[in-house]
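# What the coordinates show
Residue strings, one per chain:
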Amino acid sequence: MELLIATVHRIKARTDSKVTKELVNAFKRVSGKEDILFHLADAALERPEGPVREVIFPAVRGGERTLRELVHEFKTKGPIYRTMVQTTLRASYTNHYRRGLIALLETLEFRCGNTAFQPVIRALELIRRHAKAGNTSYYPLAESVPEHRGTAGGWEGLVFRNDKRGQRRAVRMVYEIVTFQALRDALRCKEIWVVGAHSFRDPEEDLPADFSARRLEHYAELRKPLDPAAFIGELKAEMRRELEALERVLPRLAWVQIAERASGAIKLTKLEAAPEPRNLRAIKAEVSRRWGAVPLIDMLKEAVLRTGCLDAVTSVAGSSSLAPRVLAERLMLAIYAYGTNAGIRAVASGGGHTHSEDEIRYVRRRYLTPQIARQIAVAIADTTFAARDAGLWGQAMTTLASDSTHVRAFDENIFTEWHSRYGGRGILIYWHVERGSMVVHSQTLRASASEVHAMVEGAIRHGATMTVEGNYVDSHGLVVTWTPIVPLAPLAPGYVRLSGDRVGLLGRCLCWYGSTARTAHGRSTCSTMSASRSRSSRGSCGSWRPGTARPTRWSLTPTPSVAVLRS
């Protein structure tokens, strides 16, 4: 499955890079266009207030005629980049990638429980039936070609064409490309799953099978009412209460400005630098005087001695001929080598110990398994929680924050992947951290994997003694349109909740509620708050931008609410 997803992504990524390079080279080969651009810019800057016919036209050889010919050339070629990408993508798929993807399609069995994605399943069956049809350009007229979300938009003109008789037909190669792209997107969000797979298994298997039988118990644990109408009523009351509080406080906030702007209606002032605590400099000086620069290996040794985290090694690995002290030293050197990214060879040759590279590598292979590493991390976290002073650190927390980190790695590492968002090769690590900066769970992710599964996995199976009741996670541009993202009442004067992250709490204000919408400057009743980074959230409600395209449809909420609680 990972091979299929990565292959489909690789086709598109390499095509974009190739077309971009070709267009840049083509632009450089056209003589005269750079000079025309320079003369136009020079003339416009010298006489910015002059008429176009007196300033711009004389600056170009040929005058108005040359400019008209350039405009005509661009219009006749149309959207060059998109056209070249689609053409190159089709050629790459047909000549190289198609054979492998068809073989994977014949091996894997796809299923879907969402009616919105059933056309993709039927499209895959159509491709499988005609995979060996030869060089025929179109599917037979007797075949019913399913149209799905991949065939719409910019690809529609290439997927469907009129044949010599004027009949609308589906082009086989292009239809296969857009279907595989739609399959990749659906697999990543588990709308389509694979029979016999683990990571891409049926999402129903991830949910409690006895939910209906133990519904009373589950609802009581979640502290939610059994009646969906009561659940919706609570949401509506909370939304109205919090958003009315926002409406009262928002005009009095000096650090927020609301106005029509192309970059977004809500603008926040920069945070002022917090004053340095009076005792911080004295603490730093005393720590430096008492201990100086503490090496990381000494900090690791101190953590091992205070927590006894390496005791889990003997219980899992069984008896060993190595002395516990020698085993602990070699394990610490292996952990230090991986944790600092220095490598075992560099740590072994660094001196200060008598252990060879082969001995450290043997201990790493024999004892430092993922299960043991997880138990070591849990032991350190539990001991830290038990040793904390509530007067300094506060009461025990029940919430986590989770996000991913991209760690650079060499190509020789078999887990190294290219990540388009971070723009480089490396390994993606997903962390769960509590408020006191203590990591309770970590795991590696594929670059194409969804972070939703990793978030749920860490929150449920972290293994520490901490009780987790909530998890704060990056929405990645998702706009929630039927429940508040954060409580808004703390915005009242004197409350300092926003001092840490105002941008995360106040990102986009969507102004539909019920069936009415009014400007946020006046007496609006906004429907939700969202920390969205997505430009697609900018709707067109008429009186407020950005906004939602329609009001919340509360009549559709009872059935989805049960599914959300089950999840």
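Structure's up top.
Throughout what follows, the structure given in this document is the object of discussion.

Calculation rules
- Residues numbered from 1 in each chain as written.
- Predicted model: local features only at pLDDT ≥ 70, side-chain atom pairs only at ≥ 80, totals over all residues.
- Heavy atoms only, no water.
- Helix = DSSP H or I, 4+ residues; strand = E, 2+ residues; numbered from the N terminus.
- Buried < 20%, exposed > 50% of the residue type's maximum accessible area, 1.4 Å probe, protein only.
- Contact = heavy atoms within 4.5 Å.
- Areas by Shrake-Rupley, 256 points an atom, 1.4 Å probe, with all protein chains shown as cover.
- Phe/Tyr/Trp six-rings, centres within 6.5 Å; stacked < 30°, edge-to-face > 60°.
- Lys NZ or Arg CZ within 6 Å of the ring centre and 35° of its normal.
- Arc of directions from axis to C-beta.
- Core = buried A, V, L, I, M, F, W, Y, C linked by side-chain atoms within 4.5 Å.

## A word on the overall build of the protein chain
The secondary structure content of the protein chain amounts to 21 helices and 13 strands. Per-residue burial over the protein chain gives 34% buried out of 567 residues. For the protein chain, long-range pairs separated by at least 24 residues make up 63% of all intrachain contacts whose partners lie at least 6 apart in sequence. For the protein chain, the exposed area adds up to about 35,200 Å²; of that, 55% sits on carbon and sulfur atoms.

## Let's talk about the packing of aromatic side chains
Across all of its chains, the model carries 1 aromatic pair by this definition. The ring of tryptophan 291 is capped by arginine 290, whose NZ or CZ atom sits 5.3 Å from the centre of that ring. Positioned above the aromatic ring of tyrosine 367, the side-chain terminus of arginine 366 is 5.0 Å from the ring centre.

## Section: helix 16 (residues 357-367)
What helix 16 keeps buried is the set Ile360, Val363 and Tyr367. For helix 16, the arc enclosing every buried residue in end-on projection is 65°, short of the 170-degree limit, so these residues lie on one face. In helix 16, the exposed positions that point more than 90 degrees away from the buried face belong to Asp358 and Arg365.

## Details of the nonpolar core
As a rule of thumb, nonpolar side chains are buried together in soluble globular proteins. Counting residues in hydrophobic clusters, the biggest one holds 41 residues, and the most contacted among them are Leu4, Tyr93, Phe110, Phe180, Leu183, Leu187 and Ile192. Listed by contribution, the elements that provide at least two residues to this core are helix 1 (2-29), helix 5 (80-107), strand 1 (110-112), helix 6 (118-129), helix 8 (172-188) and strand 4 (192-194). Considering each element in turn, this core owes the most residues, 10 residues, to helix 8. Those residues in contact with leucine 183 that sit more than four places away from it in its chain are Leu4, Phe110, Val120, Leu124 and Ile192. By size, the runner-up hydrophobic cluster in this structure holds 21 residues, among which are Cys309, Leu331, Val363 and Ile372.

Interpretation in functional terms is not warranted from these geometric data alone.
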